[in-house]
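Now for the letters of each chain:
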Amino acid sequence: MLTIGQLADAAGVTVHTVRCYHQRGILPEPERDDTGYQRYDAQAVVDLIRIRTLADAGVPLTRIDSLLRARPAEFASAERVFLPLEVVDVLERMRALRVSERMIRLERDAWILMVAIDADSVPQWVRQKNAAFDDPELRNLYLTCDQAFDWPPRDPRVDRLIDTIDAWDAAHRDGPSQADSLAIILDRMQEHSPAWQRILDVLALRSRRGG
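Residues numbered from 1 in each chain as written. Predicted model: local features only at pLDDT ≥ 70, side-chain atom pairs only at ≥ 80, totals over all residues. Heavy atoms only, no water.

Draft legend 1. Region of the structure containing the overall build of the protein. When helices and strands are tallied, the protein shows 13 helices and zero strands. Ordering the α and β elements of the protein from the N terminus gives α-α-α-α-α-α-α-α-α-α-α-α-α. Expressed as a percentage of contacts within the protein between residues at least 6 apart in sequence, the contacts between residues at least 24 apart total 63%. Accessible surface computed for the protein: about 11,800 Å², of which carbon and sulfur atoms make up 50%. (Helix = DSSP H or I, 4+ residues; strand = E, 2+ residues; numbered from the N terminus. Contact = heavy atoms within 4.5 Å. Areas by Shrake-Rupley, 256 points an atom, 1.4 Å probe, with all protein chains shown as cover.)

Structure below.
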């Protein structure tokens, strides 16, 4: 969790700008914690980067709020404002593979954050993502992970998926990592999916036991 100053630094704006967006109702203002401070999560960074990018592109603040709240199909046309063309192509490939729009939004948020943090690594991450979708085994695993979002947490399919993910990770542990790119996606998935909360909890427990 970030302070308002850390949030501003991460998104490349000033604290005054953040407060201005709060006052205009564009960026939600979090409640204060027990210490009296406002704390922001990774999603707030993504939202602030979106706002900053649109503002830098000359979009009026009154228009930014409606654009950020647009339906997925409408917002997809704005992806080119936030992301490099090769990343937009990855998102379009996901749509062609029938990945859910919910998962695409999570991926898009992760890419927005990655581009802001380390734009030089984006070409490598794009190559890794495309290589993953070129691999039938990994592509099917990704689609199953997407479907699992709505499964009951004690569904037997969840247990089978946990075993599959664990086995795949053990077999590819020395390969290229996309841990940074997955962090925000997994955070959001477990926040809204009891099944994914259980998947990540079990995998973390197995990892600790395995040393």
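From this point, things continue past the structure.
Draft legend 2. Main features of the packing of helix 8 (residues 101-118) against helix 9 (residues 122-134). Relative to each other, helix 8 and helix 9 sit at 150°, their axes nearing to 10 Å. Classified by the interaxial angle, the pair formed by helix 8 and helix 9 is roughly antiparallel. On the side of helix 8, the interface is formed by E107, W111, M114, V115 and D118, while helix 9 contributes V122, W125, V126 and K129. For the contact of helix 8 with helix 9, the class distribution of residues is six nonpolar, no polar and three charged. (Axes fitted to C-alpha atoms, helices over the stretch in contact; angles between N-to-C directions. Parallel < 35°, antiparallel > 145°, perpendicular 65-115°, else oblique. Nonpolar A, V, L, I, M, F, W, Y, C, P; charged D, E, K, R; others polar.)

Draft legend 3. Representation of the side chain of T53. By the element assignment, T53 lies in helix 3 (residues 42-56). Its relative accessible area of 15% is what places T53 among the buried residues. Apart from the residues lying within four places of it in its own chain, the contact partners of T53 are V81 and F82. (Buried < 20%, exposed > 50% of the residue type's maximum accessible area, 1.4 Å probe, protein only.)

Draft legend 4. Inspection of the pattern of salt bridges at higher detail. By the definition in use, this model includes 13 salt bridges. A salt bridge links D150 to R102; the nearest nitrogen and oxygen atoms lie 3.1 Å apart. You can see D150 sitting in the loop between helix 10 (136-147) and helix 11 (156-171) and its partner R102 sitting in helix 8, a full 48 residues away along the chain. (Salt bridge = Lys/Arg side-chain N within 4 Å of Asp/Glu carboxyl O.)

Draft legend 5. Inspection of the nonpolar core at higher detail. Counting 59 residues, the largest nonpolar core has V18, L83, M94, W111, W196 and I199 as its most contacted members. The greatest single-element share of this core, amounting to nine residues, is contributed by helix 8. (Core = buried A, V, L, I, M, F, W, Y, C linked by side-chain atoms within 4.5 Å.)

Draft legend 6. The arrangement of unusual backbone geometry in detail. Of note in the backbone geometry, R98 takes a positive phi value of approximately 70° without being a glycine. By relative accessible area, R98 is classed as exposed at 74%.

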